[in-house]
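Report on the structure
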Amino acid sequence: MVRNYRLLDEMRLWVVVIWLFVCAAALPGGEQPLSRIAVEKTTLAINDSVHVKASPLVLGLKGENSEWVEVEFFHPNPSDDDWIGVFSPANFSDAICEPENERQQPPVLCTAPIKYQFAKFKNDGYNRSGKGNLKLQLINQREDFSFALFSGGLMKPKLIAVSNMVTFANPKSPVYPRLAQGKSWDEMTLTWTSGYDIKEAVPFVKWGAKGGPQFLSPAGTLTFNRNSMCGAPARTVGWRHPGYIHTSFLKDLWPDSKYTYRLGHRLPNGTHIWSKLYSFKASPYPGQDSLQQIVIFGDMGKAEADGSNEFNDFQPGSLNTTNQIIRDLENVDMVLHIGDICYANGYLSQWDQFTSQIESIASTVPYMIGSGNHERDWPGTGSFYGNLDSGGECGVPAQTVFYTPAENRAKFWYATDYGMFRFCIANTEEDWRPGTEQYKFIEQCLSSVDRQKQPWLIFLAHRVLGYSSCTYYETEGTFEEPMGREALQELWQKYKVDLAFYGHVHNYERTCPVYQSQCVVDASDHYSGPFKATTHVVVGGGGASIADSAFTTSNIQWSHFRDFDFGFVKLTAFNHSSLLFEYKKSRDGNVYDHFTISRDYRDVLACSIDNCPRTTLAS
């Protein structure tokens, strides 16, 4: 009998694998724009009559970490498919790539640009005159830059000219701070990137209560190398050194107090390199009755303000989402980005680009992330799915560039509390089924919360373990990730999970309070009284392309509100019994769907795993 169950389980896994290969082409937003360039097919065709010039030569003279550069160029024989590549380090032609196997010959060019743009972009007369200029935005990425003109398009690139070098005044300076909740409510972690190895400079944070005495806290340093990557392009044309990632732990914070901080590095000669001054507000005490506001979304990715790379695939969604949160930042306490962070997909330069894009947010409020398929999946590395979605990164950059309060950062599941909220963040790229380590974590996270102190219990994951009426989930027949909710719906019901959020599908959808595919109560704009069932929300419209995320035309009873657009969710806890849910579109920040929950949890659900009956009502 046991053997039969094992065979059935193996058959189910094969069904999942086959389904994933069939649907891989339909999954949204998987293409990294830099992958469109056949770098390995580059030929050298240097032409002395072609020139490329970039200015200014030195950036960041006033401490800026982002500057605009003007690139002027001339080609006597221009064509529509000429393009400019931005390379860093500037001597990109000297890069060395190891072949993936003994039969592979190293390419002439083995490093991809960090961004690119076609020469005719906003240069209407380029095809006639051969003259053009581009205004491109650069961020401080620890190395110098050069700009190369290519003919032959993206698939058969010919390198015909390279510009002068451009550099930041202090390329190694500390940049792009990322706050995250620590493992206790009164601890804030601070992670940033620099060009300083621990042997070159000592990293630390100077911080303290606003207007009060300042303290120095040490920071640890991590990095990774090409061999840490699992495959191409991350360990070939997409490789770029990530710099050094520093994390400091700011402890014993006072609830709701405002703090200021600077990132610092002490050089061997005793001088100090400083970042600009930043600030944040400490977390409220767990259970504290105060206004608390949380933003949630998935699948944002990065976009370029100068219009390069993206062919509008991630624009304006990604930048609009980022900018809407920045505009409302005074009314945001925490951000939860549930997977598919920047879609680097093995092009390591994009992690810097993303942390720069969100700097104004992540330097001010905790920016908590979950793992998605584009961070983790790679065959033979222990991920639940054997796809190529991470581009060979297999989770290493994500778990290094961002801090999460996980017991094992490689596992990427964790709990975090904020005032009246308990968030249980699962990792859908690892097995979540009964008997696994993650299943035990999920039940422990849900069961251990004291609902009298933290009434709002939220489950989050990247892939849809609950409900989605997207067309490619419709082919599965149950409108979910294969084997998704079957193992978990008893836990959600037993422990009265208010809301479950997912990404992966690039749209917005809200269900009725649903259990076992049936609406327990009708969907509404207001819920009151005892808990009945969990409301499931897909909020994967953070910015990645929505082209392939259409909804089914079937009439699904549990699907209440759908929107095929970019957007995010904001949760506002007014007190222990009142919660406001708002879905906002990224284009204008206006609310397009909302509901409220009014509920008193008078039974304190601090029960153990084994003695908390599923049918107990919160009444």
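Everything in this summary refers to the structure shown in the same document. (Residues numbered from 1 in each chain as written. Predicted model: local features only at pLDDT ≥ 70, side-chain atom pairs only at ≥ 80, totals over all residues. Heavy atoms only, no water.)

**Here we look at the overall build of the chain**
Keep this limit in mind: Helix and strand assignments follow DSSP, with helices taken as H or I runs no shorter than four residues and strands as E runs no shorter than two, numbered in order from the N terminus. A 1.4 Å probe rolled over the protein chains alone gives each residue an accessible area, and that area as a share of the maximum for its type sets the label: buried under 20%, exposed over 50%, partly exposed in between. Throughout, a residue-residue contact means that at least one pair of heavy atoms, one from each residue, lies within 4.5 Å. Per-residue and other accessible areas were derived by the Shrake-Rupley procedure at a 1.4 Å probe size, with only the shown protein chains allowed to occlude residues.
Within the chain, the regular secondary structure consists of 10 helices and 33 strands. When each of the 619 residues of the chain is scored for burial, the buried share is 60%. Within the chain, contacts between residues separated by at least 24 positions form 73% of all contacts whose residues are at least 6 apart in sequence. Accessible surface for the chain amounts to roughly 24200 Å². Of this, 51% is attributable to carbon and sulfur atoms.

**Digging into the sheet that holds strand S1 (residues 43–44)**
For the record, the criterion: When DSSP finds at least two bridges between two strands, those strands are taken to pair.
Within the open sheet, the 5 strands sit side by side as S1-S9-S8-S5-S6. Their pairing is mixed. Each having just a single partner strand, S1 and strand S6 (115–118) make up the two edges of the open sheet. The pairing of S1 with strand S9 (residues 158–162) spans 2 bridges and is parallel. Bridge pairing in S9 places Thr43 opposite Lys158.

**Details of the sheet that holds strand S31 (residues 567–575)**
Rules: To define axes, lines are fitted to C-alpha atoms, for helices over the stretch in contact only, and angles between the resulting N-to-C directions are given on a 0 to 180 degree scale.
Taken in spatial order, the 7 strands of this open sheet run S21-S20-S19-S31-S32-S33-S28, and their pairing is mixed. In this open sheet, the two strands that pair with only one neighbour each are strand S21 (367–370) and strand S28 (526–528). Ignoring which end each strand starts from, the neighbouring axes of this sheet average 15 degrees apart. Pairing geometry for strand S20 (residues 334–338) and S21, over 4 bridges, is parallel. Across the sheet, the residue bridging to Ile338 is Gly370, located in S21.

**Here we look at the side chain of Lys494**
To keep it simple, the criterion reads: By the criterion applied in these results, polar contacts are pairs of N or O atoms within 3.5 Å in which, for protein atoms, one can donate a hydrogen and the other can accept it, and in which residues neighboring in sequence qualify only through two side-chain atoms.
In this structure, Lys494 sits in helix H10 (residues 489–494). Polar contacts involving the side chain of Lys494 include one to the side chain of Tyr495, which spans 3.4 Å.

**Side note on the state of the cysteines**
Test applied: Throughout, disulfides are identified as pairs of cysteine sulfur atoms within 2.5 Å of each other.
Evaluation of the coordinates by the stated rule reveals 3 disulfides. What pairs with Cys230 in a disulfide is Cys394, and their sulfur atoms sit 2.0 Å apart. An S-S torsion of about 80 degrees defines the bridge between Cys230 and Cys394 as right-handed. Here Cys230, found in the loop between strand S14 (215–222) and strand S15 (244–250), pairs with Cys394, found in the loop between helix H6 (373–376) and helix H7 (396–401); they are 164 residues apart in sequence, far enough to count as distant. Overall, the relative accessible area of 27% leaves Cys230 in the partly exposed class. The class of Cys394 is buried, set by a relative accessible area of 10%. The partner cysteine of Cys512 in its disulfide is Cys519, sulfur to sulfur 2.1 Å. Disulfide Cys512-Cys519: torsion about the S-S bond near -90 degrees, hence left-handed. In this pair, the class of Cys512 matches that of Cys519, namely buried.

**Some details on the pattern of salt bridges**
Our working definition: One side-chain nitrogen of Lys or Arg within 4 Å of one carboxyl oxygen of Asp or Glu is enough to make a salt bridge.
Scanning the entire structure with this criterion turns up 27 salt bridges. Asp333 is the salt-bridge partner of Lys281, the closest N and O atoms lying 3.5 Å from each other. Of this pair, Lys281 sits in strand S18 (residues 278–281) while Asp333 sits in the loop between helix H3 (317–327) and S20, and the two are 52 residues apart along the sequence. For Asp333, a relative accessible area of 10% corresponds to the buried category.

**Brief notes about the packing of aromatic side chains**
Our working definition: Two aromatic rings from Phe, Tyr or Trp, using only the six-membered ring of Trp, form a pair when their centres are within 6.5 Å; if the ring planes differ by under 30 degrees the pair is stacked, by over 60 it is edge-to-face, and anything between is tilted.
Scanning all chains against the criterion turns up 31 aromatic pairs. On the basis of an interplanar angle of 70 degrees and a centroid distance of 5.8 Å, the ring pair of Phe73 and Tyr126 is categorised as edge-to-face. In this pair, Phe73 is assigned in strand S4 (residues 66–74) and Tyr126 in helix H2 (residues 126–129), connecting sequence segments 53 residues apart. On the basis of relative accessibility, which here comes to 2%, the residue Phe73 falls in the buried class.

**Observations concerning H3**
Here H3 has its buried residues at Gly317, Ser318, Leu319, Thr321, Thr322, Gln324 and Ile325. Of the surrounding secondary structure, the elements contacted by the buried residues of H3 are strand S19 (292–297), S20, helix H4 (349–357), helix H5 (359–362) and S31.

**Re the environment of Gly541**
Note that Gly541 resides in the loop between strand S29 (534–539) and strand S30 (559–563). Along the backbone, Gly541 and Thr321 are 220 residues apart, and their C-alpha atoms lie at a distance of 9.1 Å. Leaving out residues up to four positions away in the same chain, Gly541 has contacts with Gly298, Thr321, Val505, His506, Asn507, Asp565, Phe566 and Gly567.

**Quick word on the environment of Leu267**
With respect to the secondary-structure elements, Leu267 resides in the loop between strand S16 (258–266) and strand S17 (272–274). A relative accessible area of 19% means that Leu267 is categorised as buried. The spacing of Leu267 and Ile198 is 69 residues in sequence and 9.9 Å in space, taken between C-alpha atoms. Ignoring anything within four residues of it in the chain, the contact list for Leu267 reads Tyr196, Glu200, Ala201 and Ile273.

**Here's the deal with the nonpolar core**
Selection criterion: Only buried residues count toward a nonpolar core, which is a set of Ala, Val, Leu, Ile, Met, Phe, Trp, Tyr and Cys residues joined through side-chain atoms within 4.5 Å.
Core analysis: the biggest nonpolar cluster contains 64 residues, and Tyr367, Phe423, Phe501, Leu571 and Phe581 have the highest contact counts within it. Of all hydrophobic cores here, the second largest spans 30 residues; its members include Cys424, Ala426, Ala461 and Trp492.

**Focus: helix H8 (residues 437–447)**
Of all 11 residues making up H8, 8 are buried, and the element is well covered by its neighbours. Taken residue by residue, H8 has Gln438, Tyr439, Phe441, Ile442, Glu443, Cys445, Leu446 and Ser447 as its buried positions.

**With respect to the pairing of strand S5 (residues 83–87)**
Summarising burial for S5: 5 of the 5 residues are buried, a large majority. The alternating pattern of S5 places Trp83, Gly85 and Phe87 and Ile84 and Val86 on opposite faces, both of which are buried. Where S5 meets S6, 4 bridges bridge the pair, whose relative direction is antiparallel. Looking at S6, one finds that Ile84 is bridged to Gln117. Pairing geometry for S5 and strand S8 (residues 146–151), over 5 bridges, is antiparallel.

**Here's the deal with the environment of Phe147**
Assignment of secondary structure puts Phe147 in strand S8. Through-space distance from the C-alpha of Phe147 to that of Ser88 is 8.9 Å; in sequence the pair is 59 residues apart.

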